[in-house]
Each structure stands twice: as structure tokens, then as C-alpha cells.
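What follows is each chain in one-letter form.
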Amino acid sequence: MTSTLEVHKPVDATTGTATARTAHRHASLTVRGKDRPGIVAAVGAVLGEHGANIVSLDQYSDNPQGGAFFQRTVFGLDHLGAALPAIEDGLRQRLAGHFELEFTLRDLSVPKRVAIFASKSDHCLLDLLWRHRRGQLPVTVAMVISNHPDTAEEVRSFGIPFFHVPSSGGDKSAAEAEQLRLLRGNVDFVVLARYMQILSADFIERLDVPIINIHHSFLPAFIGAGPYAKAKERGVKLVGATAHYVTENLDEGPIIEQDVVRVSHADTAADLQRRGADVERAVLTRAVQWHGEDRVLRHGNHTIVFA
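Each value, and the rule that gives it
Residues numbered from 1 in each chain as written. Predicted model: local features only at pLDDT ≥ 70, side-chain atom pairs only at ≥ 80, totals over all residues. Heavy atoms only, no water. Pairing = 2+ DSSP bridges. Helix = DSSP H or I, 4+ residues; strand = E, 2+ residues; numbered from the N terminus. Axes fitted to C-alpha atoms, helices over the stretch in contact; angles between N-to-C directions. Contact = heavy atoms within 4.5 Å. Parallel < 35°, antiparallel > 145°, perpendicular 65-115°, else oblique. Left-handed = near helix turned anticlockwise from the far one by under 90°. Salt bridge = Lys/Arg side-chain N within 4 Å of Asp/Glu carboxyl O. Buried < 20%, exposed > 50% of the residue type's maximum accessible area, 1.4 Å probe, protein only. Phe/Tyr/Trp six-rings, centres within 6.5 Å; stacked < 30°, edge-to-face > 60°.

Let us now look at the sheet that holds strand 9 (residues 189-192). As summarised here, the arrangement of the 7 strands in space is 8-7-6-9-10-11-12, forming an open sheet in which the pairing is mixed. On the outer flanks of this sheet lie strand 8 (162-164) and strand 12 (255-262), each paired with one strand and no other. For this sheet, the mean angle separating the axes of adjacent strands, direction not counted, is 20°. With 7 bridges joining them, strand 6 (residues 112-118) and strand 7 (residues 139-146) adopt parallel strand pairing. Residue pairing in the sheet places Ala118 in a bridge with Ser146 of strand 7. Relative to the sheet, helix 8 (residues 269-292) contacts strand 6, strand 7, strand 9, strand 10 (211-216), strand 11 (238-245) and strand 12, its axis offset from that of strand 12 by approximately 150°.

On to the packing of helix 1 (residues 39-49) against helix 2 (residues 80-95). Close contact between helix 1 and helix 2 brings their axes to 10 Å; oriented N to C, the two are set at 150°. The pairing of helix 1 with helix 2 is recorded here as roughly antiparallel in orientation. In this structure, helix 1 meets helix 2 at a crossing whose hand is right-handed. Contacts from Ala42, Val43, Ala45, Val46, Leu47 and Glu49 of helix 1 reach helix 2 at Ile87, Gly90, Leu91, Arg94 and Leu95.

Let us now look at the pattern of salt bridges. Tallying each qualifying case throughout the model produces 17 salt bridges. A salt bridge links Arg25 to Asp107; the nearest nitrogen and oxygen atoms lie 2.8 Å apart. With Arg25 in strand 2 (residues 25-34) and Asp107 in strand 5 (residues 102-107), this pair connects stretches of sequence that are 82 residues apart. Accessibility classification places Arg25 together with Asp107 in one group, the buried group.

Attention shifts here to the packing of aromatic side chains. Under the defined criterion, the tally for this structure stands at 3 aromatic pairs. Measuring from ring centre to ring centre gives 6.4 Å for Tyr60 and Phe70, while their planes differ by 20°; the resulting arrangement is stacked. Here Tyr60, found in strand 3 (residues 53-61), pairs with Phe70, found in strand 4 (residues 68-77); they are 10 residues apart in sequence, far enough to count as distant. When its relative accessible area of 40% is taken as the criterion, Tyr60 is described as partly exposed. Seen in terms of ring centroids, Phe117 and Tyr195 are 5.2 Å apart; in terms of plane orientation they differ by 80°. Their pairing is edge-to-face. Note that Phe117 is positioned in strand 6 and Tyr195 in the loop between strand 9 and helix 6 (201-207), a separation of 78 residues in sequence. Through a chain of ring-to-ring contacts, three or more aromatic side chains come together here, namely Phe117, Tyr195 and Phe203.

Shown next as C-alpha cells:
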């Protein structure tokens, strides 16, 4: 059985500064392991012993007869930060041994820190920054890293640090070394907002945080440059987008979210690209939000999403 407890100073959503308030706050608890009777009752008993109030609970089993079990619980509790270590101890004692479950416990008042990677295309990047500024995403944007300087001024207008790290040619080791220097210890996950570079397997392994990518759903049918022009030539009737976790296998990681919009013969290639960009923004927003709220549990090469 393994567990993860993430406890930091809470952040005031208005000022962005640490607050000493001990008001009623919420935490998320995700549980995974082999399904068997009594798991939900055991988790509920531990939370009840500490006076926690369960706000929501979602669960899924791919086979009730010993299959894989997943659960996400959100609970509220006064003085949450002080209580979390004791709750973790109680969960470890109750869920160890017989249940052999893994769990993660996190104070939801502490947003996950994200770095956004981008290139010249800015529609996904600026949409995320705008939603972040309006408080619509449960994350803190720690930095933007781009292989082009084009969006530097716009990013900095949001008060977000911008780093230009050129990356081109076959050997990207120097760029990836600089990216790792900027990222390590400073982020909880990374979002590729139309970042037009392939990350090496070594970089993914050394970074060791989740990476979310967005791409148009024409892959693999319309790979390479000009996918919307190719789609127009083929007379497609749907355009869409896919958000997924990055693995060393290009564009084959676990899918978080997908969506499509219907198009017609009257739409030009530019129309397809514009409508595809709209879908990309929406799909990536949902993926970032769900990941930030601990709603996505990875299981092999697919996901369980409690949306």
C-alpha cells in the first residue's frame, strides 16, 4: 500500500498569498486498488472519526469480482491542514494489509502548479491564461516556456513569467536541460498548449510529473503540416480535439477528454481550422480543470474521469 499526502500553506484566491485562516476547507481523497467489500465503508469510517463531512463521492469498478477499484471523495473539515496528517495515518492503518490500496490525500485550497509550453500558435495558451486570471481554473500558472519569443509580451501582461528556450534540429538536449532546470521542484504538472516539439523519453522520465497534450483529432489520418487543408480535401464532416497524457509513445498516451463539432462542404480550410481551435480550447480547459481537481485517475493506458 502506498499513499501520498500533499499539505502546503493555503493560498488566498483573491490575493495569491498564504493565509492563516482555519476556516472550513476541502480536501480530495483518491483511492485505487483491487475491488473487494468494505472499501467505501472503511474510508467513510476514517473520515467520520475525524469529524469530516463528505461533500461528494464517486466510485468505479471495472469488475466487482476482484477487478480494479477507483474512488474520489471530497470532504470538508475545519482546521483541515492540522488534521490531514492524522487522517492520513488513519487511512493507512485502515486500508493497509487487508485492502492493499493506494491513496492520495490533498488539500484542495492549495492549487497545483502548472507550467505551460507553447510555440507560435497562441489560442490554447492565451485561453488558459485568461481563464486562470478569472479564477476559472484550480491551478497556479508558475511559468510559460516557449521555443519562440512571439507571445512573450502577451504572457507577461498576465503577470506570468515567460522563458524563451529555443529548441530546433535533431539534438534538443541543451533545450531540455534548460527546461528541466526551470521546472524541477517548481511545478506539479505541465501542459503542452500546441507546443510543436517532440519531448524525448529521457526528458519525460527525468521531469517525472504528468504532462498533458492537446492535438486535433485528425491524427493519425492527417499527420504532418496542413492537417485542416488535407481534411478539407477529403471532405470531412467532423473536426475535433483530444487531450491526453504524454508518454514516450507519441500521441498514444491515456486520453483525458475529446470533443467534436460538425462541419460541412461549405466550410473552407480556414473555417475548419478556426472551429477546430475552438474545440481545442474547450477540450484542453476541461482536461486541465479535471486534472487540477484530482478527477482523473490513470489506469494502464486509459483513464477514469470523475467529471
